[in-house]
Amino acid sequence: FQKVTQNIVNSIQKELGYVGGLLLFIDKEKGMIYPAAVTETDLTQKALKLLPKKMNEYSSVFAKDNTLDSQAVKEGKIKIGQGFEEFISPPVPKLVCQGINKLLRVKSIVAVPIFSEDEVIGVIDFVLDKEKEKISKREIEIMNSLADQTGIVARNLKLFEQIKKAN
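Undergrad: Help me understand the packing of aromatic side chains, please; the structure alone is not making it clear to me.
TA: Both the distance between ring centres and the angle between the ring planes are used here to describe each pair of aromatic rings. Considering all chains together, one arrives at 2 aromatic pairs under this definition. The interplanar angle of 45° and the centroid separation of 5.4 Å between the aromatic rings of Phe 1 and Phe 25 together place this pair among those described as tilted. Residue Phe 1 is located in the segment before α1 (2–14), and its partner Phe 25 is located in strand β1 (residues 20–27); the two are separated by 24 residues in the primary sequence. The class of Phe 1 is partly exposed, set by a relative accessible area of 46%. Phe 25 gets classed as buried once you look at its relative accessible area, which sits at 6%. Look at Tyr 18 and Phe 126: their rings are 6.5 Å apart centre to centre, the planes differ by 90°, and that puts the pair in the edge-to-face class. A residue pair is termed long-range when its members are at least 10 positions apart, and Tyr 18 in the loop between α1 and β1 and Phe 126 in strand β6 (residues 119–128) qualify at 108 residues. You'll find Tyr 18 and Phe 126 in the same group, each marked buried. Above the ring of Tyr 58, the side-chain terminus of Lys 53 is found at 5.0 Å from the ring centroid.

Undergrad: Which parts of the structure should I look at to understand the pairing of β1?
TA: In terms of burial, β1 is largely enclosed, as 7 of its 8 residues are buried. One ladder, built from 6 bridges, connects β1 with β6; its direction is antiparallel. Residue pairing across strands places Leu 23 opposite Ile 124, the latter belonging to β6. As paired elements, β1 and strand β2 (residues 32–38) share 6 bridges and run antiparallel to each other. Across the sheet, Leu 24 pairs through a bridge with Pro 35, a residue of β2. In sequence, β1 turns back onto β2 through a hairpin of 4 residues, with Gly 31 there showing a positive phi of about 70°.

Rules of the game
Residues numbered from 1 in each chain as written. Predicted model: local features only at pLDDT ≥ 70, side-chain atom pairs only at ≥ 80, totals over all residues. Heavy atoms only, no water. Phe/Tyr/Trp six-rings, centres within 6.5 Å; stacked < 30°, edge-to-face > 60°. Helix = DSSP H or I, 4+ residues; strand = E, 2+ residues; numbered from the N terminus. Buried < 20%, exposed > 50% of the residue type's maximum accessible area, 1.4 Å probe, protein only. Lys NZ or Arg CZ within 6 Å of the ring centre and 35° of its normal. Pairing = 2+ DSSP bridges.

Dropping the structure here:
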C-alpha cells in the first residue's frame, strides 16, 4: 500500500507537472488524520528537513482541528488555499510551513477528499506554483479523478488483504 500511495503522489509532480503532493489518511477509530506519502524530489526532501520531526510522526485529531485538510475530510468538499499553514498547521508549526512554502515556491494548494464507498478516507493535497485563480476547471476534474482512483485502489487493497487472510 505504501508503494502505491508513493507512486500516486510522485505522479502529481511527474505526470501533472505540479510542485508535488501530500497524501493523508484518516484513522476513524482514533479520530486522527496522518500523512501517508509525499512527493519524492530533491526539493521536497529539502523541505522535509525543515520539519522538527519526521513526517510520519505528525498526526492531528481531525474533528478538533480546523485546517483546510480537516475541513475537506469533514465536508467531503475540495478546499483551496495559498500555503501549507492553512492545511497542516497545527500540528506542523506555522513558521515551518511558511519556510516550506518559500522553498517550494507554493502559490496554492488544493485539498481533494478521497472517497471509498461513499465515505471519506483521506485527502490529497496538490501543491501548485500558480495562484488559485489560475487553476482551471479541467485541472480540478483531473485532481478529483486521481483522488477517486486512490479511493478505489485503497478499497481494492483492503479487499485483497481480507481475501488473503481468509485463504
